[in-house]
Amino acid sequence: STIRPTLTAGRYEKVMARAPHESSKCWQKAMSLTVWVYRLSGRLPAEEKSGLCAALRRSATGVAQQVADADGRADVNDAIKHYESALAGLRELLTSALISQRLKYLRGSHIRALRSRVAKVEALIDADLEGCLEERDGELGEPLPFRRAA
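On a predicted model such as this, the values are computed, not experimentally measured, just so you know. (Residues numbered from 1 in each chain as written. Predicted model: local features only at pLDDT ≥ 70, side-chain atom pairs only at ≥ 80, totals over all residues. Heavy atoms only, no water.)

Quick notes on the packing of helix α3 (residues 52-71) against helix α4 (residues 76-102)
Next, step 1: Remark: α3 packs on α4, axes separated minimally by 8 Å, with the N-to-C direction vectors making an angle of 165°. The angle between the axes of α3 and α4 places the two elements in the roughly antiparallel class. The chirality of how α3 crosses α4 is left-handed.
Next, step 2: A per-class count over the contact of α3 with α4 returns 14 nonpolar, seven polar and three charged. (Axes fitted to C-alpha atoms, helices over the stretch in contact; angles between N-to-C directions. Helix = DSSP H or I, 4+ residues; strand = E, 2+ residues; numbered from the N terminus. Parallel < 35°, antiparallel > 145°, perpendicular 65-115°, else oblique. Left-handed = near helix turned anticlockwise from the far one by under 90°. Nonpolar A, V, L, I, M, F, W, Y, C, P; charged D, E, K, R; others polar.)

Structure follows, in C-alpha cells:
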C-alpha cells in the first residue's frame, strides 16, 4: 500500500519535486499498460483514429493519470476517489477493446493479453485503495464500507 505524506504548504514543493508517484509500482505498471495499449491501438484501421483508437488510448492514459493523482493526494478521501476512477478507466479500456474485437480489429490473443495486463494493474490499484480505506477508517474509527466483488 502506498503511504502518502501529509502535504503542508511548506512541504508541497519538496513532494512535487521528487514526484512520489513515479516510484509507485502501481503507477509504473499503469504506465507500461498505457504504452502497450498505444502500440496495440496502432493496429486499428485509419478510420478509427478518432473513434476506438482514441477511446483505447484515452482510457489507458486516464488510468495512469488517476493513479498519479491518487498518490499525490494528502486527503485520503481524495485519493480513494482517484483510485476508484482509475478502476473505472480499466473497465472503459476493456469495453473499448471488446468492441474492437467484435468489429474484427483485434484478435482474441490481443484481448487475452490485455486482460492479463489489466488484471495486474487492477490488483495493484485494489491494494492501494484498500490501504486508503483502512487509513481512512482508522482515522474515523469506523468499519470498512461495502466493497465491490472481486
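Some points on the side chain of Glu48
Next, step 1: Mapped onto the elements of the fold, Glu48 is located in the loop between α2 (25-41) and α3.
Next, step 2: Lacking a salt bridge, the buried Glu48 has Arg58 as its closest oppositely charged neighbour, with an N-O distance of 9.9 Å.
Next, step 3: Within the structure, Glu48 has its side chain in polar contact with the backbone nitrogen of Leu52 (distance 3.0 Å).
Next, step 4: Excluding anything up to four places from it in sequence, Glu48 contacts Cys53, Ala54 and Tyr105. (Buried < 20%, exposed > 50% of the residue type's maximum accessible area, 1.4 Å probe, protein only. Lys, Arg positive; Asp, Glu negative; His and termini not counted. Salt bridge = Lys/Arg side-chain N within 4 Å of Asp/Glu carboxyl O. Polar contact = N/O pair within 3.5 Å; in protein donor to acceptor, adjacent residues only side chain to side chain. Contact = heavy atoms within 4.5 Å.)

Some points on α3
Next, step 1: Under the 1.5 Å per step criterion, the end-to-end length of α3 is 29 Å for 20 residues, consistent within 8% with the ideal 28 Å.
Next, step 2: With 14 of 20 residues buried, α3 lies mostly within the body of the structure. (Expected span 1.5 Å × (residues − 1).)

What about the confidence of the model for the chain?
Next, step 1: Per-residue confidence for the chain gives a mean pLDDT of 84; residues scoring 70 or more make up 79%.
Next, step 2: Counting interchain partners and residues more than four positions distant, the pLDDT-below-50 stretch residues 14-18 has five contacts. (pLDDT = per-residue confidence, 0-100.)

Things to note about unusual backbone geometry
Next, step 1: Located in the positive-phi region is Lys104, a residue other than glycine, with phi close to 70°.
Next, step 2: Position of Lys104 among the secondary structure elements: in the loop between α4 and α5 (108-140).

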